[in-house]
Amino acid sequence: MASNTQHHELALPRLDAPVRLLAVVAPYYKDITDGLLSGVRATADAAGASLDVIEVPGALEIPTAVGLAARSGQYDGFVALGCVIRGETTHYDTVCNDSSRALTLLGLQGVCAGNGILTVETLEQAQVRADPAGQNKGGGAAAAALHLVALARRWAATPQKAAHDVIRLAGEFEGQGKA
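Since the model is a prediction, treat every value here as computed from it, not as a measurement.

Thresholds applied
Residues numbered from 1 in each chain as written. Predicted model: local features only at pLDDT ≥ 70, side-chain atom pairs only at ≥ 80, totals over all residues. Heavy atoms only, no water. Pairing = 2+ DSSP bridges. Helix = DSSP H or I, 4+ residues; strand = E, 2+ residues; numbered from the N terminus. Axes fitted to C-alpha atoms, helices over the stretch in contact; angles between N-to-C directions. Parallel < 35°, antiparallel > 145°, perpendicular 65-115°, else oblique. Left-handed = near helix turned anticlockwise from the far one by under 90°. Contact = heavy atoms within 4.5 Å. Nonpolar A, V, L, I, M, F, W, Y, C, P; charged D, E, K, R; others polar. Salt bridge = Lys/Arg side-chain N within 4 Å of Asp/Glu carboxyl O. Buried < 20%, exposed > 50% of the residue type's maximum accessible area, 1.4 Å probe, protein only.

On to the sheet that holds strand 2 (residues 50-55), then. The strand order 2-1-3-4 describes an open sheet built from four strands, whose pairing is parallel. Here the strands that pair on one side only, and so sit at the sheet edges, are strand 2 and strand 4 (113-120). On average, adjacent strands in this sheet sit at an angle of 15° to one another, irrespective of strand direction. Both strand 1 (residues 20-25) and strand 3 (residues 77-85) contribute to a ladder of five bridges, which runs parallel. Looking across to strand 3, one finds that Leu 21 is bridged to Gly 77.

Following this line, the structure appears as structure tokens:
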């Protein structure tokens, strides 16, 4: 069901140095992911970011590819693109939940990733969301990655206090003393 709710979108961040993005695409619904990728390209161009694209077999493989690429150090940010349409089995729930959870875990490790994996009930819903002239979820995912890159750079330039080792602190609280 469509909503008349107005959504606020942040302006693209100002980036003081070039940004290299990688879009990881699961092209199972190629027409949909082509639309998503078109939005990513436009947003990357507007921000002055370079963009590389790779394809993987499905949405479950996207986080693994992002993780591998992140460890390579070649990219500043990542855009995950795919489409999962509800079918007759619970496989939909597994793919949606596990791909999203894995991307979130990568983010918590400091990987700057925008999630553009559509999770929809119908092909028509996916078409509206993928259309760069419509909801432009690909462009939104690229913008999210760029905002995270800007934050990572901002905080990397700020001297940080020594981080506490949560595991060691938990042991100290249990009377085990410092390791």
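There's plenty left to go through after this.
What follows is about unusual backbone geometry. One can expect most non-glycine residues to show negative phi and most peptide bonds to be in trans. One non-glycine residue, Asn 136, adopts positive backbone phi at about 50°. As for its placement among the helices and strands, Asn 136 is situated in the loop between helix 4 (123-130) and helix 5 (137-156).

On to the packing of helix 1 (residues 30-47) against helix 4. One way to put it is that helix 1 packs onto helix 4 with a least axis distance of 8 Å and a crossing angle of 20°. Overall, the two elements helix 1 and helix 4 adopt an arrangement that is roughly parallel. In this structure, helix 1 meets helix 4 at a crossing whose hand is left-handed. Between helix 1, through Ile 32, Gly 35 and Leu 36, and helix 4, the contact on the second element is made entirely by Leu 123, Ala 126, Gln 127, Arg 129 and Ala 130. Partitioning the contact of helix 1 with helix 4 into residue classes produces five nonpolar, two polar and one charged.

For the structure on display, the rule yields six salt bridges. Across the pair Asp 52 and Arg 20 runs a salt bridge whose closest N-O atoms are separated by 2.7 Å. Here the residue Asp 52 occupies a position in strand 2, and Arg 20 occupies one in strand 1, the gap between them amounting to 32 residues. The partly exposed category is assigned to Arg 20, whose relative accessible area is 33%. A salt bridge links Asp 34 to Lys 30; the shortest N-O distance between them is 3.0 Å. Note that Asp 34 and Lys 30 are positioned in helix 1 at a spacing of four residues, about one turn of the helix. Residues participating in the shared-partner salt-bridge network are Arg 86, Asp 93 and Glu 121.

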